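Residue-level structural notes
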Amino acid sequence: MEDINVPEGVPVGGASLWPADNFTKVGEPDDPITGLVVLGSDLYIFKQDSIWQWDGVDLRQIVTGVGCVAPQSLITVGGATMFLASEGVYVFDGVKVTKLSYAVDKTLNDYTQRARLSEAVGAKNRRDSEYLLWLPGVPNTVCLVYNWSQNSWTKRGMQFDAATKVQTVGGH
């Protein structure tokens, strides 16, 4: 890889030149990238059916068979990331995935607009220790709420404009 000439005054990571050979393939093209998350000092690449880790030198697959289907559902709380997969809601801690949604799997499995799952939107409410997940629907939007301090789920009928992503609610 050739050296990159960074113009004077441009901060690291803000280079305007990028050599054509400075890229890497992440898995197979039929498993598209759906999001990027930093946990600790590593970058995690979420795909629809897998999760990859890049530590700045090496790229390796960490998880196979579970990935993020809704890019806007990725929410990091502390040292873990919650997200919607095709089989439910999971949390990833940088090493393994754990399914969180057993209590609401019936709601997810009965969801009639599964083709729209990629449009689901997540948010965190730190004040109440909640991960909120809006499932798009007509005419009403379903909001599944996971309380991470109580390890419990509730279902709310809350409207949400999917065009606007809220990272945090409740003033935090």
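This report concerns the structure included in the present document. (Residues numbered from 1 in each chain as written. Predicted model: local features only at pLDDT ≥ 70, side-chain atom pairs only at ≥ 80, totals over all residues. Heavy atoms only, no water.)

**Describing the sheet that holds strand S10 (residues 130-135)**
Read from one edge of the open sheet, four strands run S9-S10-S11-S12, paired in antiparallel fashion. At either margin of the open sheet sits one strand with a lone partner, and together these are strand S9 (121-125) and strand S12 (152-157). Each strand of the sheet is rotated relative to its neighbour by a mean of 20°, with strand direction disregarded. Sheet topology places S9 next to S10; five bridges connect them, and they run antiparallel. Its bridge partner lying in S10, Val-121 is registered against Trp-134. (Pairing = 2+ DSSP bridges. Helix = DSSP H or I, 4+ residues; strand = E, 2+ residues; numbered from the N terminus. Axes fitted to C-alpha atoms, helices over the stretch in contact; angles between N-to-C directions.)

**So, the pairing of strand S6 (residues 80-85)**
Every other side chain in a regular strand lies on the same face of the sheet, so the side chains alternate between the two faces. For S6, the buried fraction is high: six of the six residues fall into the buried class. Burial along S6 is two-sided: the face carrying Ala-80, Met-82 and Leu-84 and the face carrying Thr-81, Phe-83 and Ala-85 are both buried. In terms of strand pairing, strand S5 (residues 75-77) meets S6 through three bridges, oriented antiparallel. Of the residues in S6, the one forming a bridge with Thr-76 is Thr-81. If you look at the hairpin formed by S5 and S6, you'll find two residues sitting between the two strands, and Gly-78 has a positive phi there, around 65°. (Buried < 20%, exposed > 50% of the residue type's maximum accessible area, 1.4 Å probe, protein only.)

**Points about the pattern of salt bridges**
Following the criterion strictly, the structure yields six salt bridges and no others. The partner of Lys-96 in a salt bridge is Asp-93, and the shortest N-O contact between them spans 3.3 Å. Residue Asp-93 is classed as partly exposed on the basis of its relative accessible area of 35%. In this structure, Arg-127 engages Asp-128 in a salt bridge whose closest nitrogen and oxygen atoms are separated by 3.5 Å. On the basis of relative accessibility, which here comes to 51%, the residue Arg-127 falls in the exposed class. (Salt bridge = Lys/Arg side-chain N within 4 Å of Asp/Glu carboxyl O.)

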